[in-house]
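# Examining the three-dimensional arrangement
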Amino acid sequence: MNHDILFGANINPAVDELAESLQIAALAETHGLDLIGIQDHPYQKRFFDTWTLMSYLAARTERVHLLTNVANLPLRLPSMLAKAAASLDVLTGGRVELGLGAGAFWQAIEAWGVPARSPKEAYTGFEDALHILKGMWANPGRPFTYQGDMYSVKGVLAGPAPAHPIRVWVGGYGPKMLRLTGRMGDGLIVSNTYTPVSELPAFNARIDEGAEEMGRSPDAIRRGYNVMGILNYGQHSSVPTGLGEGAFFGTVKDWADYLNGLHQEQRLDTFVFWGVGNDMIRQLEVFAREVVPLVKASVKA
């Protein structure tokens with residue numbers, strides 16, 4: 001792999017967890033993590049709007065990047081998403097990472113006034129969105145037109161220009177979405193509770209196929225993993241009931257070995273720690289202080 005390995009922290013956008021969100025952002029900033037990722041489910045009444053929360057946290061940090069993990073495309077018009085991402089990127093000095101998903105929980109999306117889409121329509125809309133996002137960012141101030149089947153723009157004058165090349169991380173699992181990631185995406189972001197390690201070789205192969213179709217190096221596409229689980233720093237004596245299939249439980253050394261194995265064997269280069277439990281702040285601190293240096297040292301060696 002040609003990329004430096006990146007580490008991040010999950011932030012839950014729950015209204016009643018704002019204090020924890022601020023703690024996580026500050027911890028990620030001060031302990032040298034690369035990313036903070038925030039899921040995007042606007043139909044959840046207990047959640048803040050993700051873009052608003054990202055802006056709030058951006059004003060309280062100076063270095064760490066902010067990732068939508070992942071933005072809900074059906075509820076966010078791609079042209080406006082391009083505008084929002086570019087605007088926040090300028091305001092943060094180039095710290096925006098755009099994770100994007102084609103949509104899930106369609107009954108909830110329909111309740112917000114957007115018709116449900118078939119898998120084909122969701123894929124088509126997603127591909128249209130990638131063309132619009134990348135086209136608007138690459139042509140600030142110049143008329144840009146794209147005619148798609150689900151989304152179109154006609155002579156749009158985009159601006160401001162992003163402060164840096166914003167990476168688009170595809171939150172997708174199907175074969176067509178994975179090949180599209182290779183063709184047009186900058187990274188893939190999936191979760192260990194939805195995508196077990198056994199499926200990662202097939203995911204990588206499809207991304208590689210898409211990249212090769214477009215004459216891109218497969219190594220140009222980052223491979224990200226939301227790693228959910230519990231870091232046992234002495235607080236937990238056994239795996240808790242209901243932790244969830246695919247979630248990881250282990251000591252500092254276990255976690256370091258787990259992530260190093262994923263990097264070496266599955267080509268993953270970006271990890272977002274998604275701690276579970278009432279002590280997730282403490283888990284994240286141990287992750288940043290102890291696990292991350294061990295993994296970096298192993299990768300360097």
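Okay, so let's go over this structure. Since this is a predicted model, take the numbers as computed values, not measurements.

About the cut-offs
- Residues numbered from 1 in each chain as written.
- Predicted model: local features only at pLDDT ≥ 70, side-chain atom pairs only at ≥ 80, totals over all residues.
- Heavy atoms only, no water.
- Axes fitted to C-alpha atoms, helices over the stretch in contact; angles between N-to-C directions.
- Helix = DSSP H or I, 4+ residues; strand = E, 2+ residues; numbered from the N terminus.
- Parallel < 35°, antiparallel > 145°, perpendicular 65-115°, else oblique.
- Left-handed = near helix turned anticlockwise from the far one by under 90°.
- Contact = heavy atoms within 4.5 Å.
- Nonpolar A, V, L, I, M, F, W, Y, C, P; charged D, E, K, R; others polar.
- Phe/Tyr/Trp six-rings, centres within 6.5 Å; stacked < 30°, edge-to-face > 60°.
- Lys NZ or Arg CZ within 6 Å of the ring centre and 35° of its normal.
- Buried < 20%, exposed > 50% of the residue type's maximum accessible area, 1.4 Å probe, protein only.
- Pairing = 2+ DSSP bridges.
- Right-handed = clockwise from strand over helix to strand, strands pointing away.

## Considerations on the packing of helix α1 (residues 18–30) against helix α2 (residues 50–58)
Between two packed helices, the angle of one axis relative to the other and the distance separating the axes together describe the packing. As a packed pair, α1 and α2 sit with axes 11 Å apart at the nearest point and diverge in direction by 50°. The angle between α1 and α2 falls in the class oblique. In the crossing of α1 with α2, the sense of the turn from one axis to the other is right-handed. Of the residues in α2, those touching α1 at L18, S21, L22 and A25 are L53, Y56 and L57. Looking at the contact of α1 with α2, its residues break down into six nonpolar, one polar and no charged.

## Overview of the packing of aromatic side chains
Per the stated rule, a full pass over the model turns up eleven aromatic pairs. With centroids separated by 4.6 Å and ring planes inclined at 15°, the aromatic side chains of F273 and F287 adopt a geometry described as stacked. Placement of the pair is F273 in strand β11 (residues 270–275) and F287 in helix α9 (residues 280–300), with a sequence separation of 14 residues. In textbook terms, an aromatic cluster arises when at least three aromatic residues are bridged by ring pairs, as seen for F7, F248, W255, Y258, F271, F273 and F287. The positively charged end of K176 is found above the aromatic ring belonging to Y123, 4.3 Å away from the centroid. We note R282 situated over the ring of Y233; from NZ or CZ to the ring centre the distance is 5.4 Å.

## Digging into the pairing of strand β8 (residues 187–191)
Judged by how many residues are buried, β8 sits mostly within the fold: five of five residues are covered. Here β8 shows no split at all, with G187, I189 and S191 on one side and L188 and V190 on the other all buried. Sheet topology places strand β7 (residues 168–171) next to β8; two bridges connect them, and they run parallel. When the sheet's bridge partners are listed, V170 is paired in β8 with L188. What joins β7 to β8 is helix α6 (residues 175–184), and the crossover it makes is right-handed. Both β8 and strand β9 (residues 222–231) contribute to a ladder of five bridges, which runs parallel. Pairing of I189 across the sheet is with G224, part of β9.

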